[in-house]
Amino acid sequence: MTATQTKQTEPTPENDVAEPAAFGRLVAIDPLDFDPDGGTEKLVIVDPFNHRKKRKEGDTTEPDPALIASVEEVGVQQAIILRPQEGERDGQLGIVIGQRRTLAAYRVASAAAKEGREYLPIPAIIRDDLRGVDDEALTVSMVENLHRRQASAQDDVDAAEQLALLVKAKKVPKARKRSLAAAIGRTEEELDAAHKVAQMDPETLEGLRGEEIEFDWVELGDFDEVKGVSDAQVMLMRAKATDEQEGNAKRGAWKTTMQELRARKARDERVKTLTAELDEQGVQRCEWIEDWEWSTARPVDELVTAIGMPMSVQTHRETCDGHMATIDPEVAEVVWLCADWEKHDHRVAGEPVSSGDDDEPDDEATAKAAAKAEAEREERRRVKVNNLAWRTARDGREAHIAEMCAEKGEAPATVKDFVMRTLIQGDHHYQHFLGSNEHGKLVARFLGDERLARLSGDIVAALVKKTASRRYWWVLFAVVAAAYEAEHMRDDAWRGEPHYHFGPSVRGRIRRHTAEWITFLAEHGYGLTDVEKETVVTAEEEAKAEAELKADRERRDQELEAELEAERAKREAEKAAAIQKTLHGDGASEEGSDTDTGTDEPEAPGAPAGNGQEEDGQE
C-alpha cells in the first residue's frame, strides 16, 4: 500500500520554529487502492469521522452519473483530503473530504482495468496534522459539506453557454466536443441547447430543477418554447416518463408532444389574431360552446330558412339581427352564429317541417330527425378536428423519418426487411408514387438534399457515387418511406379508403399499409399522436372483424358442404337400397315361378306331362 508523492510543502528552516504543515503533502493515489467497504487490505478508506454517511434512504455518498462521466473524461480535478489512521488502521489513509469523488474514480478505474484501458490517478492532500485529532477532522468534514455553495441552475447554464461558444468559435473537433460535454455531465445535444436555456427566466429554471422528473437542457429549451401553452409542463413530464419506461432513446413521445404543443401554441396565437380582427370590425362575439343543442344560439351552417332553404352566412348577416360570431379553439376558425334561431324564425337543418295543425310531426319522428342531425354535425366536426390533427402529425413524423435516414451506421434488419418487401411486391400504389410529383420532393426531404427533388439520371448517379455502401439501405428506405407517406398517409387516411365509384364521402376500411407504416415507425422510436393511435386501433378492429367474417363464411361454407355431402350420401344410399330391393324382388319372383309352375298352374293343352327323363322313367 503506497502513495506516490508528487509534491511536498517547503521544509522548515532550522532556525525557524517548526509548525504543522497546514496544507499537507500533495500525492497521487491509485483509485484501485481505495476500499469502499473499509477493509484493512487497501491503502485508502473512508475516515470514521467523515461527515457523509451511507444511508438506505437519501444516500449522499453515492456519486451521480454526471460525476462519474466527468471523472471518466477528465479525472478528479479537485484534490481530496486524507489523514493517517491509528490503531488497527495504522498505515492506512482515511478520506476526510472527497468521498464521492473517490468512489466515482474507483468505479471508473475498475471498469477501465477490466477492459485493459488506462485511467487517471486521484490528486490527494495528506493532512498529517489531523492524525489522531478526531474532533478537528470531523469539523473539517462538516465545514466542507455545510459551507459548500450549491451552484444554481442558472450558474451551470451560463457556464455551459460560454463553453459552447468557445467550442463553436474554435471549431473544436466532434470527438473533443463530446469529451468536453461529458466532462460536465452533459451530451453534445445539451451543449448546443445551452444558449436557449441561458435565456430562460431564472425562477422558472430553479422551479423545474426541483421537480421529481427533471428536464435536461434540450428538454428545458423545448419547454421554454411552449411554456405558455396550457398543461405544457404536465404533458412533457408524462412524455419523458413514457420515453424512459419504454427505453426510447430517440425521445419519441417527447417529440410528438412537442409537436402537439407547438400546434396548440400556433392555434392559440391564431385565436388571438382572429379575436382582435373581429373586435376591430365591431362584430358581436360569444364564447365557444361544445354543444349548441342546449343553447339559444346556433351555427349558421346548421340552420335553414323557414321554408327549408339553406342559410348562407352572407344572407344571415344581411337579414338577421342575431348575427354574431365565435371562434372554435380546436381548429382556430371563426364560426358564425344566430344568437336566437327560434326567435328569428330559423330552423335547424334536418328537423321535420309541419305543414299545418292537422299535419304535426309526432314526437318520435322529431326526436329521430334531431338525433340524426346532431350525429351528422358531430361527425362533420370530428372529421374537421381529426383532419387537422393528422396534418399536424405529419411534420413530426417526417422529421423522425429524416432522423432515421441520417443515421451513419448500418440499417437494422427490420428496416432492410421492410424495404425488401415493399420493393419486391411493388403494388400499384408504389408504381403510382414513382410517377408522381411527390417522388423527388419527399426523397429530398428525408435525405436532406434539395437537389434530389429532381431525380434525373445524373443526380441519381451522383447520389450513388457519394453514398457509402453501409448507407445504401438508408437511401432505399428514404424512397420507401416517401412512397408510404405520399400514398398511404394522405390528409384523410385515418378515415379509411375512399370508395372508388362514390367518392370520398363513402369510406371503406383503413388501408392495411397505413396501419402497417404507423406501427413500423412506432417500433423505431416514433411517438404516435392520438389520431394515429386511434387509426391503428380502428385498423386492428376492422382486420379482426374481417377475419371473423371470413372465418364465419368459411364455417358456413363448410357446413353447407357437409349438408350437401350428407344429402348426396343419403341419395346414394337410397339409390343403392332401391337397386338392392329391385334385385332382391326379381330373384324371389323367378323362384316362385319355378315352384308354382310345377304344382299350381295347369299345364297348357297339348303340353307334355313331364320332362324327358320322367317320360323315359315312366316308359
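The model shown is predicted, which means the values in this text are computed figures rather than measured ones. (Residues numbered from 1 in each chain as written. Predicted model: local features only at pLDDT ≥ 70, side-chain atom pairs only at ≥ 80, totals over all residues. Heavy atoms only, no water.)

## Quick look at the overall build of the protein
Helix and strand content of the protein: 20 helices and 13 strands. Taken over 619 residues, the protein has a buried fraction of 35%. Pairs at least 24 residues apart make up 69% of the contacts formed inside the protein by residues separated by at least 6 positions. Summed over all atoms, the accessible surface of the protein reaches about 37900 Å², with 51% contributed by carbon and sulfur. (Helix = DSSP H or I, 4+ residues; strand = E, 2+ residues; numbered from the N terminus. Buried < 20%, exposed > 50% of the residue type's maximum accessible area, 1.4 Å probe, protein only. Contact = heavy atoms within 4.5 Å. Areas by Shrake-Rupley, 256 points an atom, 1.4 Å probe, with all protein chains shown as cover.)

## Looking at empty space enclosed by the protein
Tallying each qualifying case throughout the model produces 2 cavities of 30 Å³ or more. Empty space within the largest cavity amounts to approximately 90 Å³. Looking at the largest cavity, the residues that line it are Thr422, Gln425, Gly426, Asp427, His429, Tyr430, Ala483, Tyr484, Glu487, His488 and His513. Breaking the lining of the largest cavity down by element, the ones donating at least two residues are helix H13 (413–425), helix H14 (428–434) and helix H17 (472–488). (1 Å grid on protein atoms, 1.4 Å probe; cavity = no way out; pocket = protein on both sides within 12 Å on 5 of 7 lines; lining within 4 Å. Points joined across faces, edges and corners; volume = space filled by probe spheres on them.)

## Describing a nonpolar patch on the surface
On the surface, Val460, Val464 and Tyr472 cluster together into a nonpolar patch covering about 240 Å² of accessible area. The topology assignment puts Val464 in helix H16 (residues 457–466). The class of Val464 is partly exposed, set by a relative accessible area of 47%. (Patch = residues over 30% accessible without salt bridge, like charges linked within 9 Å, V, L, I, M, F, W, Y side chains within 5 Å. Salt bridge = Lys/Arg side-chain N within 4 Å of Asp/Glu carboxyl O.)

## Thoughts on the sheet that holds strand E9 (residues 323–328)
Pairing within the open sheet is antiparallel, and its 3 strands lie in the order E7-E10-E9. A strand with exactly one partner marks an edge of an open sheet, and here the two such strands are strand E7 (298–299) and E9. As judged from the 2 bridges shared by E7 and strand E10 (residues 333–338), these two strands associate in the antiparallel manner. Bridge pairing in E10 places Arg298 opposite Cys338. Packing against the sheet, helix H10 (residues 252–281) makes contact with E9 and E10, and its axis sits at approximately 165° to E9. (Pairing = 2+ DSSP bridges. Axes fitted to C-alpha atoms, helices over the stretch in contact; angles between N-to-C directions.)

## Thoughts on the nonpolar core
A general tendency of soluble globular proteins is for nonpolar side chains to be buried together. Counting 40 residues, the largest nonpolar core has Ile401, Val415, Phe446, Phe477, Trp517 and Phe520 as its most contacted members. Put simply, the parts of the chain that give this core at least two residues each are helix H12 (363–405), H13, H14, helix H15 (438–447), H16, H17, helix H18 (512–523) and helix H19 (530–599). The greatest single-element share of this core, amounting to 11 residues, is contributed by H17. Discounting residues that sit within four places of it in the chain, Phe520 has contacts with Met404, Thr414, Val415, Phe418 and Phe477. One finds Val197, Leu208, Met235 and Leu261 within the second-largest nonpolar core, a separate group that totals 20 residues. (Core = buried A, V, L, I, M, F, W, Y, C linked by side-chain atoms within 4.5 Å.)

## Points about the packing of aromatic side chains
In this structure the tally under the stated criterion is 13 aromatic pairs. Summarising the aromatic geometry, the rings of Trp517 and Phe520 are spaced 5.7 Å apart at their centres and angled 10° between planes, so their arrangement reads as stacked. Of this pair, Trp517 and Phe520 are both found in helix H18, 3 residues apart, which corresponds to roughly one turn of the helix. Across the pair, Phe520 and Trp517 agree in class, each one buried. Each member of the aromatic cluster is reached from another via a ring pair, and the members are Phe418, Trp474, Phe477, Tyr484, Trp517 and Phe520. (Phe/Tyr/Trp six-rings, centres within 6.5 Å; stacked < 30°, edge-to-face > 60°.)

## Things to note about the confidence of the model for the protein
Averaged over all residues, the pLDDT of the protein equals 82, while 82% of them reach at least 70. For residues 1–21, every residue scores under 50 in pLDDT, and the model assigns this stretch 29 contacts once sequence neighbours within four places are set aside. Across residues 588–619, where pLDDT falls below 50, the model places 5 contacts with residues more than four positions away in sequence or in other chains. (pLDDT = per-residue confidence, 0-100.)

## Observations regarding the layout of surface pockets
One number sums up the size of the second largest pocket: a volume of about 1100 Å³. Residue lining of the second largest pocket: 39 residues in total, with Met235, Glu260, Arg264, Thr529 and Asp530 positioned closest to the centre. Secondary structure elements with two or more residues in the lining of the second largest pocket: helix H9 (232–246), H10, H12 and H19. For the lining of the second largest pocket, the element with the highest residue contribution is H10, accounting for 10 residues. Each residue belonging to the lining of the second largest pocket can be placed in one class, and the counts come to 14 nonpolar, 12 polar and 13 charged. (Nonpolar A, V, L, I, M, F, W, Y, C, P; charged D, E, K, R; others polar.)

## Quick word on H15
Among the residues of H15, those classed as buried are His439, Gly440, Leu442, Val443, Ala444 and Phe446. The inward-facing, buried residues of H15 contact H12, H14 and H17.

## Considering the packing of H12 against H15
For the pair H12 and H15, interaxial distance at closest approach is 7 Å and the crossing angle is 65°. Here Glu398, Ile401, Ala402 and Cys405 of H12 come into contact with H15, specifically with Leu442, Arg445, Phe446 and Leu447. Grouping the amino acids of the contact of H12 with H15 by side-chain chemistry returns 6 nonpolar, no polar and 2 charged.

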